[in-house]
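So you can see what is in the structure, the chains are spelled out below.
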Amino acid sequence: MSEPAAVVAHKAHVAHEAHHEELGFWRKYVFSVDHKVIGIQYAITGLLFLLFGFSLMMLMRWQLAYPGAALPLLGTLLGEARMPGGSMLPDFYNELGAMHGTIMVFLGVVPLAVGGFGNFVLPLQIGAPDMAFPRLNMASYWFFFLGGVTMLASFFVPGGAAQGGWTSYTPLANLAGTGQTMWLVGMIFLITSSLLGAVNFITTTIQLRAKGLTFMRFPFFVWAQFVTAFLLLLAFPPLEAAAVLQLMDRLAGTSFFLPSGLVVSGQVLTVAGGGNPLLWQHLFWFLAHPEVYVLILPGMGIVAEIIANNTRKPLWGYRSMVYSLVFLGFMSFIVWAHHMFMTGMGTAMAAFFQTTTMIISIPSVVILTALIISLWGGSIRFNTPMLFALGFLPMFGIGGLTGLPLGLNVADIPLHDTYYVIGHFHYVVAPGTIFALFAGVYYWFPKATGRKMNETLGKIHFFGSLVCMNVIFMPMFLMGMAGVSRRLFDGGAAYDFAQPVLHLNVVSSWGAWILAIFQIPFIFNFFWSIWKGEKTDANPWHATTIEWAAPSPPPHGNFLVAPEAHRGPYEYSVPGAAKDFSPQYEA
Amino acid sequence: MDIPYTVEVRRDTGLTNGKIGIWLFLASEVMLFGALFASYILIRTGAPSWPRGDTILNVPLATFNTIVLILSSVTMVMAWASLMRRRFGTFRLYMGATILLGFVFLVVKYFEYSHKFHDGLYPSTNNFLAIYFTLTGLHMLHVAGGMAVNAYFWGPGAKLWKTNPVWFTNRVENSGLFWHFVDLVWIFLFPTLYLL
Amino acid sequence: MTSDHAADMTGDHAADIDRHVRVYITVFVALMVLTIVTVAVSYLDLPIAMAVTVALLVATIKGSLVACYFMHLISEKKLIYAVLILTAVFFVALLALPAVTHSNGYWIPE
């Protein structure tokens, strides 16, 4: 780095900054093309949707714990159409269930994990001034916003929002009210947003990485976002096609998913027939299986960053982790029918999907094991991001291991569509991914704002959430193994065999309501720290990756001088070095 | 700020951002139309009977449309080649021809569709027509979209030729890739729906 | 730094473009011929399996010509090839697996 070049760059930068200041409020904060602004927009919108989706579930948990009981206060506010006398109607329960899933997956977790963290951190971590296509990035956010508005608006149409699960299985979804049409349209907006984002992420990662930043010097977070982008790019379009087909069925009277002779309310449907409901399932799960890896991969990336940083040593098995990640991404496209074992496929195809599913568990285990081994011999700092990252490990472990019986065709028979499945996937997403996302918020908050979040409040948030998550979801394995089906309006109360485990519904519900209370310190901490948090410099965590070279918060264009990578991403405690960390960007 | 490799290629990949971007987008489109073809396969193989395309659809008209679209692909690539030869006037001619041919394609499809409706044949009539209207309808939307982008580069977007001819040439090339892809989809759609 | 194909300003590449244009015309003629072939074959009333094979074969050849020469795939960079090959694998999986999994005519009414 020669002095004159740095001065020239800085002068040009300052001149550009001055020009940038001319942008009005709307162009600077609302319709911005700056990846950091867009990332924050995604993150805050995503967090709000997470809260809303969580609230829907808290309402459901009242009905599950005390079926038929009137909900005091809130019950009467929701109107006679949905909760007459404060008591929940089955249709409303189904609305809540379908929208809880849809909102958490498509409006909460992915926008926060990919749109929020990906957008904000990725260009900084590769030393880029912004994304390759800044205007496309902005378009991607607004398509997401439009999708979210559509989904929310669907609650207010006659018949209410979608009620056929987040999976919208046909032919039931074909026959549903207007809310289902809005669900389909909303999904098309969201898919468009993801596709635009995926194109941006992949191009940016390949083309805009700094000098010296080879692929095997990428932080694991970058690899995670890179593979995730490919999953979004290639897996989402079939669901878009499926949504078009279902819209054609609902609006143009086609029979893509309606078999001949379907009887509804005692009458044979007067449609052409000849359709195949299983076609929807294939197209849906072709996306939805890679989608679950979209849900977990960014989280793994975040956890990897935080563990390396807070053990003051390199990640163990970086290369294996990267190869596993790529292999996992590839395999995720050919396992999807393990969600369809009960649809009458022959034993040959069941064997095929069972085998690919077992194989895909291997890279997951490799990654988790490498992260755990990375702790060995580390000089561990137990700050809030690290606590959440550490909590992620066993929680994802439980989630992943409980998936194994589901992936085996025969073991799946008694477990399919029971609470066991709900327990499995919530462990992976809730104390799994969401913990990783919390970790990321605490970790990168200083970079985005120039201030740290409060540690005490963070620890309360962590310990409370850890306990409550387990209280909510652990009982579900027992309920599922007892045979209680999912999506039951009364939580299984009508069934004899469910009686011995029904009390677990009450346990889970109280776990959920108390979990909500433990989010209050986080929400307060988040907003309070923006103005009153302890001020920090560019690199408060003494981290090695390139985003920490930029000022906190980074200006438009990110770096005063274009950074260069001189070494790997996790050169901590290098023997003979002056500091216990040798940043990637230092000469 | 200036995003690097918008106009010049990055040495190790040999590509501009836009070129990678458009190919990635086309990859996603392959999966989109692939899903519809997969749907066609599943529905057709599960059907007790399926009409031959030429018993319901107008093969001569569709053959004409196939020729129109292929011709438009030629004019599209010639439009780009004209820019490479720095002949802006010729570019305008070829690009205009491409847009016009796209318009012809749409007009023919309009006649095809309205003829079907006139005969009481709708998407809801049977699954053959359902998949026919859906596949060709989605394809038509892509033709229209491509035409809109081409029209932009023929018209208001052409200003860029004066200030940054290389960038303009690249953008025309990239929108050409989209247009060729639309032609490519039709090359598979035509025999599948009309001839089999 | 020169861009993908856009000529540098000296016009040295004019001969290159001329060669390209000759290729475009040749490919166009080939595409016309193949279009006529595929329509003509459809009048032969071949058994369905053969008809499908021939139609897809001709379409694949036509498609490849468009991709290789109009879209310049024949001289593209490795990265683009890698993306497309990956896509092709998943495309085949999407087309084949649902049909194979549920091809037992389950939805044929009795």
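Residues numbered from 1 in each chain as written. Chains lettered and ligands numbered in written order. Predicted model: local features only at pLDDT ≥ 70, side-chain atom pairs only at ≥ 80, totals over all residues. Heavy atoms only, no water.

Asker: Please clarify how the overall build of chain C should be interpreted in this entry.
Answerer: In terms of helices and strands, chain C carries 3 helices and 0 strands. Going residue by residue from the N terminus, the α and β elements of chain C occur as α-α-α. Within chain C, buried positions represent 41% of all 110 residues. The contacts of chain C with a sequence gap of at least 6 include a subset with a gap of at least 24, amounting to 59%. Taken as a whole, chain C presents about 6,000 Å² of accessible surface, with 72% of it coming from carbon and sulfur. (Helix = DSSP H or I, 4+ residues; strand = E, 2+ residues; numbered from the N terminus. Buried < 20%, exposed > 50% of the residue type's maximum accessible area, 1.4 Å probe, protein only. Contact = heavy atoms within 4.5 Å. Areas by Shrake-Rupley, 256 points an atom, 1.4 Å probe, with all protein chains shown as cover.)

Asker: Even after reading the chapter, I still don't get the packing of helix α3 (residues 59–84) of chain B against helix α1 (residues 14–42) of chain C, so can you show me in this structure?
Answerer: Two packed helices can be described by the angle between their axes and the distance between those axes. In contact at an axis separation of 11 Å, α3(B) and α1(C) are set at 175° when each is read in the N-to-C sense. The angle between the axes of α3(B) and α1(C) places the two elements in the roughly antiparallel class. Packed against α3(B), whose contacting residues are Val59(B), Thr63(B), Thr66(B), Ile67(B), Ile70(B), Leu71(B), Val74(B), Val77(B), Met78(B), Trp80(B), Ala81(B) and Met84(B), the element α1(C) presents Ile17(C), Val21(C), Tyr24(C), Phe28(C), Leu31(C), Met32(C), Thr35(C) and Val39(C) at the interface. Tallied by class, the residues present in the contact of α3(B) with α1(C) amount to 17 nonpolar, 3 polar and no charged. (Axes fitted to C-alpha atoms, helices over the stretch in contact; angles between N-to-C directions. Parallel < 35°, antiparallel > 145°, perpendicular 65-115°, else oblique. Nonpolar A, V, L, I, M, F, W, Y, C, P; charged D, E, K, R; others polar.)

Asker: Sorry if this is basic, but what is going on with the nonpolar core here?
Answerer: Phe220(A) and Tyr194(B) are the most contacted members of the largest nonpolar core, which totals 291 residues. The dominant element in this core, judged by the number of residues it contributes, is helix α9 (residues 220–252) of chain A, at 23 residues. Residue contacts for Phe220(A): discarding those within four places in its chain leaves Met300(A), Gly301(A), Ala304(A), Glu305(A), Leu315(A), Tyr318(A), Met321(A), Val322(A), Leu325(A), Ile367(A) and Tyr570(A). (Core = buried A, V, L, I, M, F, W, Y, C linked by side-chain atoms within 4.5 Å.)

Asker: How should the environment of Gly317(A) be read in this particular structure?
Answerer: Residues and elements named next belong to chain A. Here Gly317 lies in the loop between α10 (277–311) and α11 (318–331). A residue is classified by how much of its surface remains accessible, and Gly317, at 22% relative accessible area, is partly exposed. With 141 residues separating them in the primary sequence, Gly317 and Ala176 have C-alpha atoms 50 Å apart.

Asker: Would you mind going over empty space enclosed by the protein with me for this structure?
Answerer: Rolling a probe over the atoms, with the probe sized like a water molecule, indicates the empty space that remains. All names here are of chain A. Summed over all chains, the structure comprises 8 cavities of 30 Å³ or more. Of the pockets and cavities examined, the largest cavity occupies roughly 230 Å³. Counting only elements with at least two residues in the lining of the largest cavity, the list comes to α5 (90–125), α6 (134–153), α8 (178–207) and α9. Among the residues forming the lining of the largest cavity, the class breakdown is 12 nonpolar, 8 polar and 1 charged. (1 Å grid on protein atoms, 1.4 Å probe; cavity = no way out; pocket = protein on both sides within 12 Å on 5 of 7 lines; lining within 4 Å. Points joined across faces, edges and corners; volume = space filled by probe spheres on them.)

Asker: Sorry if this is basic, but what is going on with the confidence of the model for chain C here?
Answerer: Any segment with low pLDDT has predicted coordinates that should not be analysed in fine detail. All names here are of chain C. Per-residue pLDDT for chain C averages 86, and the proportion of residues at 70 or more is 81%. Every residue in residues 7–12 scores below 50 in pLDDT, and together they form 6 contacts with partners more than four places removed in sequence or on other chains. Confidence drops under a pLDDT of 50 for residues 105–110, and excluding neighbours within four residues, the segment shows 9 contacts in the predicted structure. Of the two predicted TM-score estimates for the complex, the pTM is 0.95 and the ipTM is 0.97. (pLDDT = per-residue confidence, 0-100.)

Asker: Before we go on, may I ask you to explain the interface of chain B and chain A in this structure?
Answerer: Note: interface size is frequently given as the accessible area lost on complex formation between the parts. Taken together, the contact between chain B and chain A spans 33 residues of the former and 42 residues of the latter. Both faces combined, the contact of chain B with chain A buries some 2,900 Å², and carbon together with sulfur accounts for 72% of it. Summed over the shared surface of chain B and chain A, the result is 1 salt bridge. Between Arg209(A) and Asp12(B) there is a salt bridge, with its nearest N and O atoms 3.3 Å apart. At the level of secondary structure, the elements contributing two or more residues to the side of chain B that touches chain A comprise α1 (17–45) and α5 (127–154) of chain B. (Buried area = accessible area lost by both parts, 1.4 Å probe. Salt bridge = Lys/Arg side-chain N within 4 Å of Asp/Glu carboxyl O.)

Asker: Sorry if this is basic, but what is going on with α9(A) here?
Answerer: Each turn of an α-helix holds 3.6 residues, which means side chains three or four residues apart point in the same direction. Residues and elements named next belong to chain A. With 33 residues, α9 should reach 48 Å at 1.5 Å per residue; the first-to-last C-alpha distance of 47 Å fits that figure. Residue Phe236 marks the point of greatest curvature in α9, where the axis turns by about 30°; the proline Pro237 follows within four residues. Summarising burial for α9: 31 of the 33 residues are buried, a large majority. Where α9 ends, the next residue or the one after it, Gly253, has phi of about 75°, a positive value. (Expected span 1.5 Å × (residues − 1). Bend = angle between axes of the 7 residues up to and from the residue.)

Asker: Explanation requested: a nonpolar patch on the surface in the structure shown.
Answerer: Together, Phe25(A), Trp26(A), Tyr29(A) and Phe31(A) give the surface a local cluster of nonpolar side chains, amounting to about 500 Å² of exposed area. For Phe25(A), a relative accessible area of 52% corresponds to the exposed category. (Patch = residues over 30% accessible without salt bridge, like charges linked within 9 Å, V, L, I, M, F, W, Y side chains within 5 Å.)

Asker: Just to check I follow, could you spell out the interface of chain C and chain B for this structure?
Answerer: Listed per partner, the contact involves 51 residues of chain C and 56 residues of chain B. Both faces considered, chain C and chain B share a buried interface measuring about 4,900 Å² in area, 79% of it formed by carbon and sulfur atoms. Where chain C meets chain B, there are 3 salt bridges. Mapped onto the side of chain C that touches chain B, the elements with two or more residues apiece are α1, α2 (48–70) and α3 (78–101) of chain C. Residue contributions to the side of chain C that touches chain B peak at 12 residues, all from α2(C). Of the residues in the side of chain C that touches chain B, the class split is 34 nonpolar, 11 polar and 6 charged.

Asker: Could you clarify how one ought to interpret the packing of aromatic side chains in this entry?
Answerer: Centre-to-centre distance and the angle between the planes together describe a pair of aromatic rings. All names here are of chain A. Counted according to the given criterion, the structure contains 81 aromatic pairs over all chains. With a centroid separation of 5.1 Å and an interplanar angle of 70°, the aromatic rings of Phe286 and Trp336 are classed as edge-to-face. Linking Phe286 in helix α10 with Trp336 in the loop between α11 and α12 (347–373), this pair joins segments that are 50 residues apart in sequence. Residue Phe286 is classed as buried on the basis of its relative accessible area of 0%. Among the residues examined, Trp336 registers a relative accessible area of 0% and is labelled buried. (Phe/Tyr/Trp six-rings, centres within 6.5 Å; stacked < 30°, edge-to-face > 60°.)

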